[in-house]
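Each chain, letter by letter, is given below.
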Number of protein chains: 2
Amino acid sequence: MQVAGSGTETQPRLPLSRERVLAAAIKVADEGGLEALTMRRLADELGAEAMSLYYHVAKKEDVLDGVIDVIVTEINNVVGQIDVPAREGSWKSAVRQRILAARQVLLRHPWAPRVLETRTTMSMAVLRYHDELVRLMRQGGFSNDVAHHALHALGSRALGFSQELFDPGDSAGADPGTGPQDLASQFPHLAGMLEEVAHDDPDSTLGWCDDQTEFEFGLDLILDGLDRLRDGP
Amino acid sequence: MQVAGSGTETQPRLPLSRERVLAAAIKVADEGGLEALTMRRLADELGAEAMSLYYHVAKKEDVLDGVIDVIVTEINNVVGQIDVPAREGSWKSAVRQRILAARQVLLRHPWAPRVLETRTTMSMAVLRYHDELVRLMRQGGFSNDVAHHALHALGSRALGFSQELFDPGDSAGADPGTGPQDLASQFPHLAGMLEEVAHDDPDSTLGWCDDQTEFEFGLDLILDGLDRLRDGP
DNA sequence: ACCTGAACACCGTTCAAGT
DNA sequence: ACCTGAACACCGTTCAAGT
């Protein structure tokens, strides 16, 4: 039902813009997953035709680039409100806090890491985020060389997620005998491990078995290792 | 030009099979990248029609599952030839060797990690690979609990690759002033770091800036950290 | 300037039909 | 049993045309 208006002003719909397109893209992906994000469904969300989008974005890849920029900018805003450490040795908790804050943002957009990984051009926002990490590490006493290694070692963990290829809590474990042979007997060490740790893990995050506890374990392992390397490789 | 044959036997082309389809899929992706791997081009490679593939595989996802299984099986074969450690404390080099061997296989299929990450069902071959890692860690004195954490901490590194969101050697660095403002002044800490490390990195591997040295640095950081946790969290 | 309809070249997949 | 042609529902994208 269209509000026809009184006279000459015609505003049947607020006009499209790059910002509106990107916001709608995030909404569509949040609600329907990444496979729902097509140009046609994105246009639907905006009450327009697919072809109209091309006036505001170059192509679909441009939408994906833009969407990542919006999300990482949000991360930068959240992270910018975290205090910089006063003490010298507190680089670790400062970096840790930022990474966990970034993670909180990405948890609201579980599809975003997959898009982030496929970007070929470096987003300004991603550069800014890492620039800040380097600053904190330098202030914490790192050499440039170790800071550089640190960025590589952290990899995608720097932005708050990690790739889990293997989900111990899912396919093996629990009830054995789901396969042609008994899984537990095919993979005895894995099965034994899972039996003992009783990996009950109801929170699946970011789509992989990558829950908060395990993420922090891996993160701290790396941060502790880096801490030992300060002031020299 | 078809070899017509002498009489009644008609073998214009060896018949399709799941194995042939998967082998062709790997070939197509190796040669043309992941975006080249469509059902139609895959059929072309086999001298058949796209629709014929569906007699041997259920759907495209099945092709991707199968292709990963083939590659990780190859990894398992390579890794199976590595000696198991005699000494007790050598778990680390045993795991390290396996991971670096897995990496060598994946380096020949740079598109494979991206497919691996999107699998929803756990491959038997991936289970087997991780079962072996757990075995080595248990023999090396790890508790099941720490071994479990270790798998999570390694994440995709266990199979020889890591996600690099940020490529210091690429967009920033080198010649400044490519953007609207000077990149080096926008990201001073990053620029300073890059200037000092003079990151000349001609080998791009797996498609990300994730070269052998940096991969091993991150891997060793994690393995060393794990070593300290043996026999207790 | 902003938006659209029709059209193009491609997808994955189904299904009835061929041998 | 194995393979195929025609067809369907969907993509991203172009381009000339509308306001």
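Residues numbered from 1 in each chain as written. Chains lettered and ligands numbered in written order. Predicted model: local features only at pLDDT ≥ 70, side-chain atom pairs only at ≥ 80, totals over all residues. Heavy atoms only, no water.

Here we come to the domain arrangement of chain A. Residues and elements named next belong to chain A. What the domain assignment lists for chain A is domain 1 (14-57) and domain 2 (67-163 + 182-233). Computed over C-alpha atoms only, the centres of domain 1 and domain 2 are separated by 30 Å. Taken together, the contacts link 6 residues of domain 1 with 8 residues of domain 2. Both sides together, the interface formed by domain 1 and domain 2 hides about 630 Å², and carbon and sulfur atoms give 79% of it. If you look at where domain 1 meets domain 2, you find 0 salt bridges. Split into classes, the residues belonging to the side of domain 1 that touches domain 2 amount to 5 nonpolar, no polar and 1 charged. (Domains from an automatic or database assignment. Contact = heavy atoms within 4.5 Å. Buried area = accessible area lost by both parts, 1.4 Å probe. Salt bridge = Lys/Arg side-chain N within 4 Å of Asp/Glu carboxyl O. Nonpolar A, V, L, I, M, F, W, Y, C, P; charged D, E, K, R; others polar.)

Okay, the interface of chain B and chain A next. With 57 residues of chain B at the interface, the matching set in chain A holds 56 residues. The contact between chain B and chain A buries some 5400 Å² in all, and 69% of this surface belongs to carbon and sulfur atoms. Put simply, chain B and chain A have 0 salt bridges between them. For the side of chain B that touches chain A, the elements supplying multiple residues, two or more each, are α6 (112-117), α7 (124-139), α8 (144-154), α9 (183-186), α10 (188-197) and α11 (212-228) of chain B. (Helix = DSSP H or I, 4+ residues; strand = E, 2+ residues; numbered from the N terminus.)

Take the protein's contact with DNA strand D next. The environment of DNA strand D is formed by 17 residues, the closest being M39(A), R40(A), K60(A), S52(B) and H56(B). Put simply, 57% of the atoms of DNA strand D that lie within 4 Å of the protein are in sugar or phosphate. One nitrogen or oxygen atom from the side chain of Y54(A) is found 3.1 Å from a phosphate oxygen belonging to DNA strand D. With respect to DNA strand D, the backbone of K60(A) contributes an N or O atom lying 2.8 Å from a phosphate oxygen. Broken down by secondary-structure element, the contributors of at least two residues to the surface near DNA strand D are α2 (39-45) of chain A together with α3 (50-53) of chain B. Of the residues that constitute the surface near DNA strand D, the class distribution is 8 nonpolar, 3 polar and 6 charged. (Near = heavy atom within 4 Å. Polar contact = N/O pair within 3.5 Å; in protein donor to acceptor, adjacent residues only side chain to side chain.)

Residue and element names in this part refer to chain A. Contact geometry for helix α5 (residues 91-107) and helix α11 (residues 212-228): axes closest at 11 Å, N-to-C directions at 150°. With respect to each other, α5 and α11 are oriented roughly antiparallel. Helix-helix and strand crossings are classified by hand; for α5 and α11 the assignment is right-handed. Seen from α5, the contacting residues are W91, K92, V95, R96, I99, L100, R103, Q104 and L107; seen from α11, they are Q212, F215, E216, L219, D220, L223, D224, L226 and D227. (Axes fitted to C-alpha atoms, helices over the stretch in contact; angles between N-to-C directions. Parallel < 35°, antiparallel > 145°, perpendicular 65-115°, else oblique. Left-handed = near helix turned anticlockwise from the far one by under 90°.)

All names here are of chain A. Scanning the model with the defined rule gives 2 aromatic pairs over all chains in all. With a centroid separation of 4.6 Å and an interplanar angle of 80°, the aromatic rings of W91 and F142 are classed as edge-to-face. Placement of the pair is W91 in helix α5 and F142 in the loop between α7 (124-139) and α8 (144-154), with a sequence separation of 51 residues. Residue F142 is classed as buried on the basis of its relative accessible area of 2%. Sitting over the face of the ring of F215, R103 holds its NZ or CZ atom 4.3 Å from the ring centroid. (Phe/Tyr/Trp six-rings, centres within 6.5 Å; stacked < 30°, edge-to-face > 60°. Buried < 20%, exposed > 50% of the residue type's maximum accessible area, 1.4 Å probe, protein only. Lys NZ or Arg CZ within 6 Å of the ring centre and 35° of its normal.)

This part is about the confidence of the model for chain A. Residues and elements named next belong to chain A. Looking at chain A, pLDDT values average 86 and 81% of them are 70 or higher. The low-confidence segment residues 1-11, where pLDDT is below 50, has 1 contact with residues more than four positions distant or belonging to other chains. Predicted confidence is poor over residues 171-179, with pLDDT under 50, and the contacts of this stretch with residues over four places away or in other chains come to 11 contacts. (pLDDT = per-residue confidence, 0-100.)

As a further point, take the pattern of salt bridges. Enumeration over the complete set of coordinates arrives at 26 salt bridges over all chains. One salt bridge connects R135(A) with E132(A), and the closest N-O pair in it is separated by 2.6 Å. Of the two residues, R135(A) and E132(A) both sit in helix α7, 3 residues apart, roughly one turn of that helix. The salt bridge partner of E132(B) is R98(B), with a shortest N-O separation of 3.7 Å. With E132(B) in helix α7 and R98(B) in helix α5 (residues 91-107), this residue pair connects regions lying 34 residues apart in the sequence. The structure contains a network of salt bridges with shared partners spanning K92(A), D224(A), D227(A) and R230(A).

Neighbouring DNA strand C are 17 residues; S52(A), H56(A), M39(B), R40(B) and K60(B) lie closest to it. Taken together, the sugar and phosphate atoms account for 57% of what DNA strand C places within 4 Å of the protein. One of the side-chain nitrogen or oxygen atoms of S52(A) is found 2.5 Å away from a phosphate oxygen of DNA strand C. Where the surface near DNA strand C is concerned, the elements lending two or more residues are α3 (50-53) of chain A together with α2 (39-45) of chain B. Of the residues that constitute the surface near DNA strand C, the class distribution is 8 nonpolar, 3 polar and 6 charged.

Our next topic: the relation of the copies chain B and chain A. Its rotation angle being 180°, the transformation that places chain B on chain A also includes 0.0 Å of axial translation and leaves an RMSD of 0.0 Å. What we have between these two chains is a two-fold relation. Most of the interface of chain B is mirrored in chain A: 98% of its interface residues are interface residues there too. (Least-squares fit on C-alpha atoms with pLDDT ≥ 70 in both.)

Bringing the nonpolar core into the picture now. One broad trend across soluble globular proteins is that nonpolar side chains are buried collectively. Counting 148 residues, the largest nonpolar core has L42(A), L226(A), L42(B) and L226(B) as its most contacted members. Setting aside residues no more than four positions away along its own chain, L42(A) makes contact with V21(A), A24(A), A25(A), L37(A), L53(A) and V63(A). (Core = buried A, V, L, I, M, F, W, Y, C linked by side-chain atoms within 4.5 Å.)

Over its 17 residues, α11(B) runs 24 Å from end to end, which matches the ideal 24 Å to within 8%, given 1.5 Å per residue. Residues of α11(B) that are buried include every one of E214(B), F215(B), F217(B), G218(B), L219(B), L221(B), I222(B), L223(B), G225(B) and L226(B), and no others. Check the buried side of α11(B) and you find it contacts α8 and α11 of chain A together with α5 and α8 of chain B. (Expected span 1.5 Å × (residues − 1).)

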